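Structural overview for review
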Amino acid sequence: MKILSQNAISNGDISVPIGSEYTDVVKLKGTTYNLEDDKVVTSTFNTKDLNIVTTGLMRYVKVSLPSVKVGSVIDFEMELENAASYSHIPFVFQSNYPVLFCELQIIYPKEVSLYYIATSREKFVDFAEKNPATSGLPLPESYVFQSKSLVATASKTWVRRNIPVLEEEPYVLNPVDLIEGIDFYFFLAGKLKRTWEELNTSLYEEETFYPGLAKLPSSFITNGKRLVNGSQTDEEKARRIFAFVRDSFKCNKIETIAPGTLPDTTWKIKRGSVAGVNFQLVLLLKGAGLKANPVLLSITGNKSASPNVPNLNSFNYMVCRVIVDSVAYFLDASAKENPFGFLDKRCYNGFAWVVDSTGYGLNLEPSELKERNTVVLKTDSNKTGEYTVTVRHTYGPFSASYLRSVWRRDSSSLREEVMDEVRSMSFEPSLKSFEVRNLNAPDSVLSLSYTLSWNWDKDATGLIIKPAFYKMFEKNPFSSPKRTYPIAMGVQTDHIYSMVLKLPDDFEVSELPKSSKVVLSENSYYSYFITYERESNQLILNTKLQLRDTNFDVKDYNSLRSFFDEVIQLQSQSCLVTPKSQ
């Protein structure tokens, strides 16, 4: 690799994933070439500075090459020895700057089977055993060929040319899935578990990952039945056990698919990893006679798992699934703000695996979920000198989970949340009081109420009011004129705002904006309906942003962008309020 700019110097710090603890670095060579006084000067990496870091189930080789600067050419070569029958090694082509040329050669023993999944904007053209660079013909942007190798080894070379910058765009489901690269899977001949079902047998029956899953320990039967004593329904049983685990166990926030400690130990110390806490939940639910299983996930920020390659390294999170009256509930007891039947949005990242006696895969997509947030503003007193209004927010489960975690961690952020809304209003109100309900009761609806006082200026010739005091979007989330990646808006949402503003007796509305509705599709729209009831002197506004379509192709980007332009414009409409004529 040649370093062409100051921003690329960090490429001298190399991080390479090498798999599990069964993998050893046999050979490592790193060299930096610099041109000084028309002579090539080489600087070699000292192997004593090699650093291996473990994150989750993956280990990484960390290398810092010497003397890297603009104009340097760096060369890195590594040979690994794997004692296991399986290894997964990812390689990334793309970065936050353009890459002119990238070549990767893999040399491996012939008795090993190689599978790979490539992510690239340009399909890799397979030239078999002929390197197209020697033909003198124009080269494709992506290609692969069989390299020459020794008798006992096989070799393949992948080339990717003119790789564009990795774009950062809003509303991408899992940006790491879009980074150009290749996932390599090496299997020792005859040792390949070719299906998830074969791998599931090991997970379910062996005691390595989930001890007690196939044959439940008697202690969890005893404790499970004790916890649900007196429950009238299976749903009540599930809710009681979930609340007990969530509220009684402390989670150390370590995110892996393995519990890490034996179930009896976790029960005794009431502390564990995410998987450890959720595995307690699985065992207790089973002990109470309910059908519960571990579910393995790849949370957003980690590359999505593939249903085509049975690879445990694809997963980095474990939750619980319980069936009650033929209804499946997903549960995560590792976070105190999680209600029953709720998973954080980052858990909805595609393919997941349910560990059962047979096992099965399923897809978790955020577009299947629904969120409803409401805001109601009403007048408490319309007396000119004592004018007050109350605003009440009611939050859906995803907003509530996020806000609970923020507000419980930092109580001052709650007041700041209120003040931010107050400052954004078109008039200048004063905050009199505020109250949050069910902050520490995650199974109840979270709400925030606050009361504002407003000074009406009797001497003003006219007041400009923007009735949409609460705005779903302050600005268009799609400001860029172009789009590279598909759009994923997340969960289906309803944002509802209702305002009944009773004006002081000596004021009236002189100019009223028009009601309107902006339609994106049959299931997604924004409505703005405003009226003025002269007899009761009330200004009434009802708005609704309904987004049931959440995934959009790049070709739909301009329509989506125009839709939000119109939403912002409607939210910004004003009406004129003037003193009544004497």
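Now for a look at the structure at hand. (Residues numbered from 1 in each chain as written. Predicted model: local features only at pLDDT ≥ 70, side-chain atom pairs only at ≥ 80, totals over all residues. Heavy atoms only, no water.)

On to the overall build of the protein chain. Secondary structure assignment for the protein chain yields eight helices and 33 strands. The C-alpha extent of the protein chain, read off along each of the three principal axes, is 100 × 75 × 45 Å. Split into buried and exposed, the 582 residues of the protein chain put 47% on the buried side. Counted over contacts in the protein chain with a minimum sequence separation of 6, partners at least 24 positions apart contribute 70%. Summed over all atoms, the accessible surface of the protein chain reaches about 29,200 Å², with 49% contributed by carbon and sulfur. The centroid of the 65 positive side-chain charges in the protein chain is displaced by 3 Å from the centroid of its 68 negative side-chain charges. (Helix = DSSP H or I, 4+ residues; strand = E, 2+ residues; numbered from the N terminus. Buried < 20%, exposed > 50% of the residue type's maximum accessible area, 1.4 Å probe, protein only. Contact = heavy atoms within 4.5 Å. Areas by Shrake-Rupley, 256 points an atom, 1.4 Å probe, with all protein chains shown as cover. Lys, Arg positive; Asp, Glu negative; His and termini not counted. Charge placed at Lys NZ, Arg CZ, Asp CG, Glu CD.)

What follows covers the nonpolar core. Generally speaking, a soluble globular protein has its nonpolar side chains buried in company with each other. In this structure, Tyr 210, Ile 241, Leu 281, Leu 285, Leu 296 and Leu 331 are the most contacted members of the largest nonpolar core, which totals 62 residues. Examining the composition of this core, we find that nine residues originate from one element, helix α5 (residues 274-287), more than from any other. Those residues within four positions of Leu 331 in sequence are excluded, and the remaining contacts are Phe 242, Asn 278, Leu 281, Leu 285, Val 319, Cys 320, Val 322, Phe 340, Gly 341, Phe 342 and Leu 343. (Core = buried A, V, L, I, M, F, W, Y, C linked by side-chain atoms within 4.5 Å.)

Time to look at the side chain of Ser 524. Topologically, Ser 524 is positioned in strand β30 (residues 524-533). A distance of 3.0 Å separates a polar atom in the side chain of Ser 524 from a polar atom in the side chain of Asp 549. (Polar contact = N/O pair within 3.5 Å; in protein donor to acceptor, adjacent residues only side chain to side chain.)

Across all of its chains, the model carries 22 salt bridges by this definition. Taking the shortest distance from any N to any O, the salt bridge between Arg 372 and Asp 494 comes out at 3.9 Å. Taken together, the residues span a long stretch of sequence, with Arg 372 in strand β21 (residues 370-381) and Asp 494 in strand β27 (residues 492-502) at a distance of 122 residues. Its relative accessible area of 48% is what places Arg 372 among the partly exposed residues. Looking at Asp 494, the relative accessible area reads 6%, which means it is buried. Between Arg 423 and Glu 416 there is a salt bridge, with its nearest N and O atoms 3.1 Å apart. (Salt bridge = Lys/Arg side-chain N within 4 Å of Asp/Glu carboxyl O.)

With that out of the way, let us pick up helix α8 (residues 557-571). Look at α8: 21 Å from first C-alpha to last across 15 residues, which is about the 21 Å you get at 1.5 Å a residue. For α8, the complete set of buried residues consists of Tyr 557, Leu 560, Phe 563, Phe 564, Val 567, Ile 568, Leu 570 and Gln 571. For α8, the angular spread of buried residues about the axis comes to 165°, placing them on one side. Pointing more than 90 degrees away from the buried face of α8 are the exposed residues Asn 558 and Gln 569. (Expected span 1.5 Å × (residues − 1). Arc of directions from axis to C-beta.)

A separate point is the sheet that holds strand β7 (residues 86-92). Reading across the sheet, the three strands line up as β7-β13-β9 and stay open at both edges, with antiparallel pairing between neighbours. Across the chains shown, the open sheet's two edge strands, defined by having one partner strand only, are β7 and β9 (112-119). Neighbour-to-neighbour, the strand axes of this sheet turn through a mean angle of 15°, independent of strand direction. The pairing of β7 with strand β13 (residues 181-188) spans seven bridges and is antiparallel. In the sheet register, His 88 faces β13, and the bridge partner there is Tyr 185. (Pairing = 2+ DSSP bridges. Axes fitted to C-alpha atoms, helices over the stretch in contact; angles between N-to-C directions.)

A separate point is the packing of helix α2 (residues 218-227) against α5. Two elements in contact, α2 and α5, have axes whose closest approach is 7 Å; the angle formed by their N-to-C orientations is 75°. In terms of orientation, α2 lies roughly perpendicular with respect to α5. Facing Phe 220, Ile 221, Asn 223, Gly 224, Lys 225 and Leu 227 of α2, the residues of α5 in contact are Gln 280, Leu 283, Leu 284 and Gly 287. Broken down by class, the residue content of the contact of α2 with α5 amounts to five nonpolar, four polar and one charged. (Parallel < 35°, antiparallel > 145°, perpendicular 65-115°, else oblique. Nonpolar A, V, L, I, M, F, W, Y, C, P; charged D, E, K, R; others polar.)

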